[in-house]
Amino acid sequence: MNGSCSPSTTTNAWKHTSSDSIWGIPFEGLRNTYAGGGYLIQFERDLVSSHAIIDELEQSLWIDRRTRAVFVEFTLYNPNVNLFFNGIYLLEFPESAGVVTWVNLQVFRPFQALGAIGTYALLCYFIYIIFFLVSTGRMIYRIHKERCQFFKSTWNNIDLLCTILGFLGVVFWALRYAYANRALDKYYDNKLDFIQFQHIALWDNAFVVVMGVLVFIATIRILQILGYNRRMTQLIAVISGASKDLSGFAIVFGIIYSAYVVSGFLLFGKVSSSYRSIFVAFGSLTNSIIGKNHLDILRGSGGPSLGELYYLTYILIVILIMISMFAVILNLSISVVKQELQAEETVYGLTNVVTDSVKNVVGMFMNIQGSGQYETATNTKSGMFLVN
C-alpha cells in the first residue's frame, strides 16, 4: 500500500456494496442501465488526502478492463433558498474502448421553507387534506348510490382521476418527507459519511409531476363552470362533435407514431444519444413536430442515406399528412357548430352575468355619491336663505 494514506482508506473500495445499504436506485446512462450498488470509495474533505486516495486507486488498477462505469456523486445544500443539489458525473466504458460521459443534475426541496412561507405552505397542505378527505367521502357515497351510472359522466371520471392522483401525491409527499428525515438523521450521526440523496430527488420529481397533472386536470374541471360562457360552449361543442373522428384518428396516429419511435430507437439508438431509449426517442420525435430537429445527428447514421430517408418519411407522413387530417376534422366540426349556433337564440352567458354585476356595483356607487352631493347642495342653499 502507498504510505501516503492508511490501508483502511482504500480497503472499502474493493468490497462490493449492495444498493439497499446505501439507498441506491438504478441509473440509466447513455449506453446501459446500472444498479444502485457497486464498489464505493469516499473522498476526504481535504485535497491532499483525496489526491492520495486517487493515486492509490490508480496504482492498484481499481479501474480495469472489466469496469463499465464510474460514478462521481456529490450533494450540496444552499440554506439561503432551502434547496438541495444532487450531481452525478458518469463515465461509461463501452466494450469497443473509449469513454462516454454523461451528467445528471437535479435540484429539489425536500423540506418546506421556514418562516412565513413555510407556515403558509403547511396551511395550504392542511386545507387540501381536509378538502381531499371530504371530497373522497362524497365520491364514495355517490359511487355506492349510483353504481355504474356514476362512470357514465365524463366529469365524474375526471373527479375520480383527481382523487386517485391526490392520493398518490399525498403518498409521494409522505415518502419524500420520511426519507429526507432519515437522511438528515444519518447525516447528524456521522457528518463525514456519504449519504445518498438520489432517491429523495426521485420522490420529489414524482410529487412535482403528480401536482402538475392535478393542476392541469383542475383547470379542465373549471370548464364545467365556464360552460355558461358562449365561447367555452362552442369549444366543448366542437370537441364533442368531432369525438368519434378524433378517436379513430388518435388510434391511427398512435400506431404510426409508435412505429417511428421504435424504428428510430432500433436504427439510431447505438449511434445517437437522442434515440438511446424508447422514451428519449419519443421526446426527440415530439420535439421535431415543434421545430427542434435533429437532422445533423441522423446524417450518416445507419448508412449513407438511411437517416435522411427516415426523417423525410417522418415529415411527410406524420407532420404533413396526419396533422393536416387533424386540422380537417376540427374544421368540419367547427363548420357544423357554427351552423347550429346561428339557428339558436343568444344565450345569457357567464360573461353577461359578470358584466351586469360590475355595472350594478358601479351604478350603486355613483348613486350614493350623487345623493351625497345633492344633500350638501341642499343644506348650503338652506343656510344662505336663513342668513338673508
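Residues numbered from 1 in each chain as written. Predicted model: local features only at pLDDT ≥ 70, side-chain atom pairs only at ≥ 80, totals over all residues. Heavy atoms only, no water.

Draft legend 1. A look at unusual backbone geometry. Look at Leu-61: it is not a glycine, yet its phi comes out positive at around 55°. On the basis of relative accessibility, which here comes to 59%, the residue Leu-61 falls in the exposed class. Of note in this structure, Asn-82 is not a glycine but carries a positive phi near 55°. Within the secondary structure, Asn-82 is located in the loop between β5 (69–78) and β6 (83–92). The buried category is assigned to Asn-82, whose relative accessible area is 11%. (Buried < 20%, exposed > 50% of the residue type's maximum accessible area, 1.4 Å probe, protein only. Helix = DSSP H or I, 4+ residues; strand = E, 2+ residues; numbered from the N terminus.)

Draft legend 2. Main features of the sheet that holds β6. A sheet is described by the order of its strands in space; here three strands give the open sequence β5-β6-β7, paired in antiparallel fashion. Two strands in the sheet have a free side with no partner beyond their single neighbour: β5 and β7 (100–108). Sheet twist, expressed as the average angle between the axes of neighbouring strands with direction ignored, equals 10°. Sheet topology places β6 next to β7; nine bridges connect them, and they run antiparallel. (Pairing = 2+ DSSP bridges. Axes fitted to C-alpha atoms, helices over the stretch in contact; angles between N-to-C directions.)

Draft legend 3. Layout of the packing of helix α8 (residues 278–289) against helix α10 (residues 306–342). For the pair α8 and α10, the least separation of the axes is 11 Å and the interaxial angle reads 65°. Relative to α10, α8 is oriented so that their crossing is right-handed. In this structure, α8 contributes Leu-285, Thr-286, Ser-288 and Ile-289 to the contact, and α10 contributes Tyr-310, Tyr-311, Tyr-314 and Ile-319. Looking at side-chain class alone, the contact of α8 with α10 contains six nonpolar, two polar and no charged residues. (Left-handed = near helix turned anticlockwise from the far one by under 90°. Contact = heavy atoms within 4.5 Å. Nonpolar A, V, L, I, M, F, W, Y, C, P; charged D, E, K, R; others polar.)

Draft legend 4. Representation of the confidence of the model for the protein. In this model, the protein carries an average pLDDT of 79, and 81% of its residues clear a pLDDT of 70 or more. Within the protein, no element has a lower average pLDDT than helix α11 (residues 350–387), which sits at 56, and none a higher one than helix α7 (residues 243–268), at 90. Overall, residues 1–6 carries pLDDT values under 50, and its contacts beyond four positions in sequence, including any with other chains, amount to eight contacts. A low-confidence stretch, residues 374–388 (pLDDT under 50), is modelled with zero contacts involving residues beyond four sequence positions or located in other chains. (pLDDT = per-residue confidence, 0-100.)

Draft legend 5. Structural view of the packing of α7 against α10. Contact geometry of α7 with α10 gives a least axis separation of 11 Å together with a crossing angle of 170°. In terms of their interaxial angle, α7 and α10 are classed as roughly antiparallel. Here the residues of the contact of α7 with α10 sort into 20 nonpolar, four polar and one charged. (Parallel < 35°, antiparallel > 145°, perpendicular 65-115°, else oblique.)

Draft legend 6. Looking closely at the environment of Leu-40. Structurally, Leu-40 can be placed in the loop between β4 (38–39) and α2 (47–59). Classification of Leu-40 by relative accessible area gives partly exposed; the value is 35%. When the C-alpha positions of Leu-40 and Trp-14 are compared, they lie 7.9 Å apart, and in sequence the two are 26 residues distant. Other than its neighbours up to four places away in sequence, Leu-40 contacts Asn-12, Ala-13, Thr-17 and Ile-22.

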